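# Chain and residue survey
As a plain string of letters, each chain reads:
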Amino acid sequence: MASIPTPTVKDDAAAPTTIRATVVQAATVFYDTPATLDKAERLVAKAASNGAQLVVFPEAFIGGYPRGSNFGATVGHFNPTAAEQFRKYYDSAINVPEMDRLARIAESYKVFLVMGVIEREGYTLYCSVVFFDPQGCYLGKRRKFMPSTAERIVWGFGDGSTTPVFDTPIGKLGAVICWENKMPLLRTAMYAKGIEIYCAPNADDREVWQPTVRHIAIEGGVFVLSACQFCLRKDFPAPPEYSLAEWENELQPDSVVSAGGSVIVAPSGEVLAGPNFEGEGLITADLDLKDVARAKFSFDAVGHYSRPDILNLIVNERAMKPVSFTSHK
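Residues numbered from 1 in each chain as written. Predicted model: local features only at pLDDT ≥ 70, side-chain atom pairs only at ≥ 80, totals over all residues. Heavy atoms only, no water.

In the annotation of an unreviewed UniProt entry, the chain is listed under the name cyanoalanine nitrilase and assigned to Salvia splendens. As recorded by UniProt, the Sequence similarities (unreviewed entry) comment attached to the chain reads in full: "Belongs to the carbon-nitrogen hydrolase superfamily. Nitrilase family." Of the chain, the UniProt comment under Function (unreviewed entry) reads exactly: "Highly specific for beta-cyano-L-alanine (Ala(CN)). Low activity with 3-phenylpropionitrile (PPN). Not associated with auxin production but may be involved in cyanide detoxification." (UniProt positions renumbered as here; feature names shortened; annotations may be inferred.)

Here we take up helix α1 (residues 33-49). Here α1 contains 17 residues, and its C-alpha end-to-end distance of 24 Å stays within 8% of the 24 Å for a straight helix at 1.5 Å per residue. Within α1 the residues assigned to the buried category are T33, T36, L37, K39, A40, L43, V44 and A47. Viewed along the axis of α1, the buried residues span an arc of 160°, placing them on a single side of the element. Pointing more than 90 degrees away from the buried face of α1 are the exposed residues P34, R42, K46 and S49. Elements in contact with the buried residues of α1: β1 (18-25), β2 (54-56), α2 (80-92), α3 (100-109), β3 (112-121) and β14 (281-288). (Helix = DSSP H or I, 4+ residues; strand = E, 2+ residues; numbered from the N terminus. Expected span 1.5 Å × (residues − 1). Buried < 20%, exposed > 50% of the residue type's maximum accessible area, 1.4 Å probe, protein only. Arc of directions from axis to C-beta. Contact = heavy atoms within 4.5 Å.)

All told, the structure shown has two cavities of 30 Å³ or more when counted by the stated rule. If you add up the space inside the largest cavity, you get close to 50 Å³. What lines the largest cavity is simply E59, Y65, R67, N202, A203, C228, Q229, C231, F236 and S258. For the lining of the largest cavity, the per-class residue count stands at five nonpolar, three polar and two charged. Considering only enclosed or pocket space, the second largest cavity measures out at about 40 Å³ in volume. Together, A27, T28, F30, G64, Y65, Q229, C231, D235 and F236 line the second largest cavity. Tallied by class, residues from the lining of the second largest cavity come to five nonpolar, three polar and one charged. (1 Å grid on protein atoms, 1.4 Å probe; cavity = no way out; pocket = protein on both sides within 12 Å on 5 of 7 lines; lining within 4 Å. Points joined across faces, edges and corners; volume = space filled by probe spheres on them. Nonpolar A, V, L, I, M, F, W, Y, C, P; charged D, E, K, R; others polar.)

So, in structure tokens, the structure goes:
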């Protein structure tokens with residue numbers, strides 16, 4: 001990767017009080033990462049032309065969310081066809097140090113970029129979110145540490161070392177991925193880090209997801225930016241190259257596989273934009289960061305409304321390595 005410039009540091013005196021944020025609702029070009037990156041750039045360009053300073057993409061946008069795929073998982077049986085399917089999925093993932101294209105997109109359009117990726121480290125895949133600032137600086141990543149249900153077949157488990165909140169000129173920015181948003185202790189840890197712009201890349205397109213993100217906005221006194229893919233069957237390779245398990249026989253090329261539901265919510269719980277269940281598109285809202293303090297006046301989950309004499313949380317942020325080497329000279 002090219003030399004990385006110094007990340008932007010927040011200057012409170014110069015910081016804006018209102019910023020424009022855009023959430024992208026769009027489908028991956030499955031098994032074609034270069035084409036997905038091209039699509040991402042077109043979407044960022046469109047958002048930036050509308051004044052967006054922050055652009056948030058869905059979970060696993062780069063690399064793909066393997067909806068409907070079971071990777072041939074059967075207890076006690078090895079399936080060579082499924083192994084080849086995983087190999088193709090593995091090839092679509094990216095290594096976090098090799099993200100020059102995303103850095104150039106953020107720099108070219110002068111936006112903070114929050115991107116859901118399938119991250120490849122060694123031969124293990126992780127569902128991650130990566131962050132870039134408008135100078136193209138890679139700020140860091142959030143690695144999902146609790147894959148949901150069958151996601152555990154293909155994704156590894158992250159650890160507490162990648163739960164950052166970045167203090168940027170547009171506010172304190174972080175992300176929690178999909179159903180991890182249902183984990184109250186993880187949410188508490190993020191609130192304690194001072195998060196103000198709470199990004200929630202996800203794959204849950206159900207109506208029931210909407211009260212979840214509205215609750216988080218009220219509970220945390222934060223802006224929640226929930227980004228989900230909108231996908232049709234034709235956005236995936238045709239069978240037998242890719243099969244959506246038991247749904248496949250019921251689907252037509254234009255059948256909706258993921259209905260989206262991307263939404264932007266204010267700290268008051270007010271919906272500022274969305275939810276979009278209609279198709280691919282961008283939703284945009286202006287975020288008044290002063291609304292965070294207004295919300296915390298009544299309820300601060302890790303401040304005046306907490307009871308640390310009764311309830312407290314310990315967070316392990318150490319990187320958990322399976323192998324460590326020591327050298328004795």
